[in-house]
Amino acid sequence: MPTLPRLAAATLPKLPAPVRRPGYDWTAAAIGIVHLGLGAFHRAHQAAMIEDCLERGESGWAIAGASLRSPETRDALAPQDGLYTLAVRGPGGEALRVIGAIRESLVAPEDPARLLARMARPETRIVSLTVTEKGYCHDPASGTLNEAHPDILHDLAHPERPKSAIGLLAAALRMRRMAGLRPFTVLTCDNLPANGRTVKRVIDRFAALLDADFGHWVADQVACPASMVDRIVPATTDEDRARISAALGMEDRWPVVTEPFSQWVVEDHFPLGRPDLAASGAEMVADVTPFEHMKLRLLNGSHSTLAYLGYLAGYETIAETMADPAFARLVRRQMDADITPTLHMPPGHDLGAYKDRLIERFKNPALRHRTWQIAMDGSQKLPQRLLGMIRERLAAGAPVERPALAVAGWMRYVAGIDEAGRPIDIRDPLASRFAEIVARTGPNPETLGRALLGMPEIFGVDLPADPRFTGPVLAALAALFRDSARATVAAAA
Ligand code: CS2
């Protein structure tokens, strides 16, 4: 294949006609948002909605994005003048759009001072985050700052050179306070429970530990609206890059691939203003909680259920797992019988249609969303995806066999060896703890299950003490070891 020119400002006019491109003067767009966590999800979701705001002529809201770890996004985007392709894949094929909203890409560990200076500028009115659950350095079961977290210890000792998102927010807020500026609004876009309140609790505490006076200012002044974000964005593959570059007739090293569906429900509390997100399709509400529960439990809870059990059954993607009727039946029953009774949607909201749509989205064969990718960081995900709902069902005196099977699927997965005897590449901040436990218990479902249940940062202290939960979890774990995931799911569905 001849070498293709690189997607960039200079080549943009040569894009083939069907590829949508910025219709506004993107090179002159002024930055008003700093985004921490410049991953695929941000670029396929919030950045696409901001692009629509910029297209409508709302100036001043372009994005400076920062990666908190690796330089690869900046290295790919810089030669492309920040441009990248959003590929939307649905039943009707693939639609390509080049996005111009990301006007600056930074790498926090390389130059924290530059990022902090950007966050501290008066025109930065929002700092948004997609740093994943573990990026909040909190204890997932209680939602409070993990004061023993190595990055938090580091950032408290060196507040001018922070490593964590929390340390960066605090350092930039301190600079603003010193300059007599009002704080930016902190907009979390991660799948955390009560994400606004959680980030607020964590930042308030961190600031108070730094200095009591600053802590009061942060507690009084910093707004952290909650938001529920939804769009399925699998990791981009080399095959995606090759296909998209061929369609563009130019090389894009950093495209993102997603589905047609996109939802953003945002609590409307932005003291320094905001772009008109509603005009871009977001729902601005007074209380995100019902939407958050709906999404975290129905979508992410089902995702995690399919990811662990599907991976163990040898399925590589969610679509493949859903093509097995027993798995599809299990998640639909879990949605209808276990999760739905815990949801309290505003009047007029059609939950049945939402669930039907979810099933279709999971089955979308054009998205190769790997079970392994979703299985990552289970220790941070289980509490809000499954355990909160399980607690509510237990309080209502209801059985929890199906969600207990999902939890057992996670336990069987973190045991670290698959059904064919191959090692599983477990990615989780608590992975070394799991390995220690497994080294002690071996694949004995009873001792392994009890040891994992004994991790309060995941299960709290209530669930391990409730035999109505531990009984079904240990029984399901025994069945998974004895009979395989496929057989156990088939028997449960
Ligand atoms: C997924 C989510 O990776 C995961 O854990 O469940 O990223 C999911 O695709 C998004 O939340 C969808 O909005």
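What counts and what doesn't
Residues numbered from 1 in each chain as written. Predicted model: local features only at pLDDT ≥ 70, side-chain atom pairs only at ≥ 80, totals over all residues. Heavy atoms only, no water. Salt bridge = Lys/Arg side-chain N within 4 Å of Asp/Glu carboxyl O. Helix = DSSP H or I, 4+ residues; strand = E, 2+ residues; numbered from the N terminus. Buried < 20%, exposed > 50% of the residue type's maximum accessible area, 1.4 Å probe, protein only. Core = buried A, V, L, I, M, F, W, Y, C linked by side-chain atoms within 4.5 Å. Domains from an automatic or database assignment. Contact = heavy atoms within 4.5 Å. Near = heavy atom within 4 Å. Polar contact = N/O pair within 3.5 Å; in protein donor to acceptor, adjacent residues only side chain to side chain. Nonpolar A, V, L, I, M, F, W, Y, C, P; charged D, E, K, R; others polar. pLDDT = per-residue confidence, 0-100. Phe/Tyr/Trp six-rings, centres within 6.5 Å; stacked < 30°, edge-to-face > 60°. Lys NZ or Arg CZ within 6 Å of the ring centre and 35° of its normal.

A. Fine view of the pattern of salt bridges. Taken as a whole and judged by the stated rule, the model has 34 salt bridges. One salt bridge in this structure joins D462 and R391, with 2.6 Å as the shortest N-O distance. Taken together, the residues span a long stretch of sequence, with D462 in the loop between α19 (456-459) and α20 (467-483) and R391 in helix α15 (residues 378-395) at a distance of 71 residues. For D462, a relative accessible area of 37% corresponds to the partly exposed category.

B. Focus on unusual backbone geometry. For D81, which is not a glycine, the phi torsion comes out positive at approximately 55°. Looking at the element boundaries, D81 is found in the loop between α3 (72-77) and β3 (84-90). For D81, a relative accessible area of 34% gives the class partly exposed. Phi is positive for S484, which is not a glycine, with a value near 90°. With respect to the helices, strands and loops of the structure, S484 is situated in the loop between α20 and α21 (485-492). Take S484: its relative accessible area is 22%, and that puts it in the partly exposed class.

C. Representation of the nonpolar core within the structure. Judged by nonpolar contacts, the single largest core of 162 residues is most densely connected at L36, M119, W410, F459 and F469. Here this core spans two domains, and each of domain 1 (12-285) and domain 2 (289-492) adds at least three residues to it. Sequence-distant contacts of M119, defined by excluding residues within four places in its chain, comprise V34, L36, T124, V127, L168, L169, A172, R176 and F184.

D. The site of the ligand, seen in detail. Around the ligand, the neighbouring residues are N191, V229, D230, R231, K295, L299, N300, H303, H369, I374, K381 and R385. Between the ligand and N300, the relevant distance is 3.0 Å, taken from an oxygen atom to a side-chain nitrogen or oxygen of the residue. One nitrogen or oxygen atom from the side chain of H303 is found 2.8 Å from an oxygen atom belonging to the ligand. Put simply, the parts of the chain that give the shell around the ligand at least two residues each are β10 (227-230), α10 (289-312) and α15. Class assignment of the residues belonging to the shell around the ligand gives a composition of three nonpolar, four polar and five charged. Three or more residues apiece are contributed to the shell around the ligand by two domains, here domain 1 (12-285) and domain 2 (289-492).

E. Structural view of the confidence of the model for the protein chain. Confidence in the prediction of the protein chain, expressed as mean pLDDT, is 97, and 100% of residues score 70 or more. The secondary-structure element of the protein chain with the lowest mean pLDDT is strand β7 (residues 138-139), recorded at 95, while strand β6 (residues 126-129) shows the highest, at 99.

F. Summary view of the packing of aromatic side chains. This model, assessed by the stated rule, comprises seven aromatic pairs. Judged by centre distance (5.6 Å) and plane angle (85°), the ring pair of Y315 and F327 falls under edge-to-face. Of this pair, Y315 sits in the loop between α10 and α11 (318-322) while F327 sits in helix α12 (residues 325-339); the two residues are twelve residues apart in sequence, bridging distant segments of the chain. Residues Y315 and F327 agree in their burial class; the two are buried. Aromatic side chains W410 and F434 sit 5.5 Å apart centroid to centroid with 85° between the ring planes, which places their arrangement in the edge-to-face category. With W410 in helix α16 (residues 401-414) and F434 in helix α17 (residues 431-441), this residue pair connects regions lying 24 residues apart in the sequence. Comparing W410 with F434, the two get one shared label, buried. The rings of W410, F434, F459 and F469 are connected pair by pair, giving a single aromatic cluster. A cation over an aromatic ring shows up here: R43 above the ring of Y84, its NZ or CZ 4.8 Å from the ring centre. Sitting above the plane of the W61 ring, R125 keeps its charged end 4.0 Å from the centroid.

G. Structural context of the environment of A465. Looking at the element boundaries, A465 is found in the loop between α19 and α20. Judged by relative accessible area, which is 62%, A465 ranks as exposed. Sequence separation between A465 and A415 is 50 residues; the distance between their C-alpha atoms is 22 Å.

H. The domain arrangement of the protein chain, seen in detail. Assigned domains of the protein chain: these are domain 1 (12-285) and domain 2 (289-492). Centre-to-centre, using C-alpha coordinates, domain 1 lies 29 Å away from domain 2. Counting from both sides, the interface comprises 30 residues of domain 1 and, opposite them, 31 residues of domain 2. Remark: the boundary between domain 1 and domain 2 carries four salt bridges. Where the side of domain 1 that touches domain 2 is concerned, the elements lending two or more residues are β3, α7 (195-210), β10, β11 (256-258), β12 (263-267) and β13 (283-285). For the side of domain 1 that touches domain 2, the element with the most residues is β10, which contributes three residues. Among the residues forming the side of domain 1 that touches domain 2, the class breakdown is 15 nonpolar, six polar and nine charged.

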